[in-house]
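Fold and geometry: a report
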Amino acid sequence: MIATQDRVRIISTQVLSDDWYLLKKTTFDFLRRDGSWQRQSRETYDRGDGAVILLLNRQAKTVILTRQFRYPAFVNGHDGMLIEAAAGLLDNASPEQRIRAEAEEETGYIVQKVQKVFEAYMSPGSVTEKLHFFIGEYQASDRVHAGGGVVAEGEDLDVLEMTLDDALLAIRQGGIVDAKTIMLLQYIALNPIQENEE
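In this text, all values refer to a predicted model and were calculated from it rather than measured experimentally. Sequence positions are assigned chain by chain, starting from 1 and proceeding in written order. The predicted origin of the model limits local features to residues at a pLDDT of at least 70 and limits the giving and counting of side-chain atom pairs to 80 or more, whereas totals for whole chains, interfaces and linings rest on all residues. Heavy atoms from the whole structure form the basis of all side-chain values; hydrogens and water molecules are not counted.

UniProt positions are given in the numbering used here, feature names are shortened, and annotations may be inferred rather than shown by experiment. Annotation from UniProt places "short sequence motif: Nudix box" (unreviewed entry) at residues 88-109. For the purposes of this entry, the term helix denotes a DSSP run of H or I that reaches at least four residues, the term strand denotes a run of E that reaches at least two, and both are numbered from the N terminus. Along residues 88-109 one finds 59% helix and 9% strand; the C-alpha atoms at either end are 15 Å apart.

Written as structure tokens, this is what we have:
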């Protein structure tokens, strides 16, 4: 078995945009399974890695989500107001450090206990980002402010508390269409957290 790094020969890389994030066009040769080399060209969008957390109250069987405007969804025919789990880029912090800070910024809750459940590439055909997925527990007393995000970063989020059943129903009815949020809600549905779990 040939190692992947021996199947890729970078020919050229061109920066197309370095504004919001980094967009590159790379031309490379790829060694196919039949032994022939094929010239390919791909654009990659590099925004750094991120983390996402679903806040869960296992006694009440509720979750905390946010609703915010997403321009790319808006120009693709959605009203742009997406219901999501709290998330953000790592910005040189560890995934757990960053997601605790994001949860507080976006929802107003301090998260005492977090559990990493998996990692995933969300759009590996064009975006380099890898997401770290977490579940965090919350109680009403953990809320220290109203949340809403960081104004300087353009964030203006509504904080939503809903039952897990209602959130799963919203997926089926098209009310929740954000992939990372769907993945975490379905993870909880498939792996229920027991109330007596330590």
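What follows deals with the side chain of Lys180. Assignment of secondary structure puts Lys180 in helix α4 (residues 179-190). Whether a residue is buried, partly exposed or exposed follows from its accessible area with a 1.4 Å probe, protein chains only, as a fraction of its type maximum: under 20%, in between, or over 50%, in that order. According to the relative accessible area criterion, Lys180 is buried, its value standing at 11%. What qualifies as a polar contact is a pair of N or O atoms within 3.5 Å, subject to a donor-acceptor requirement within protein and to the restriction that residues adjacent in sequence count only when both atoms come from side chains. Of the polar contacts made by the side chain of Lys180, one reaches the side chain of Asp178; its length is 3.0 Å. Contacts were defined at the residue level, with two residues in contact if any of their heavy atoms lie within 4.5 Å. Not counting residues up to four positions away in its chain, the partners in contact with Lys180 are Val52, Arg70, Glu84, Ala85, Ala87, Met122, Leu131 and Phe133.

All right, on to the pairing of strand β2 (residues 22-31) then. Consecutive residues of a regular strand have side chains that alternate between opposite faces of the sheet. Strands pair, by our definition, only if DSSP identifies at least two bridges between them. Taken together, the nine bridges between strand β1 (residues 8-18) and β2 define a ladder with antiparallel strand orientation. Looking at the pairing, Ser17 lines up with Leu23 of β2. For β2 and strand β3 (residues 37-46), the ladder comprises 10 bridges, and the chain directions are antiparallel. Note on β3: the bridge partner recorded for Asp29 is Arg39. The antiparallel pairing of β2 with β3 creates a hairpin that spans five residues between the two strands, and Gly35 there sits at a positive phi of about 95°.

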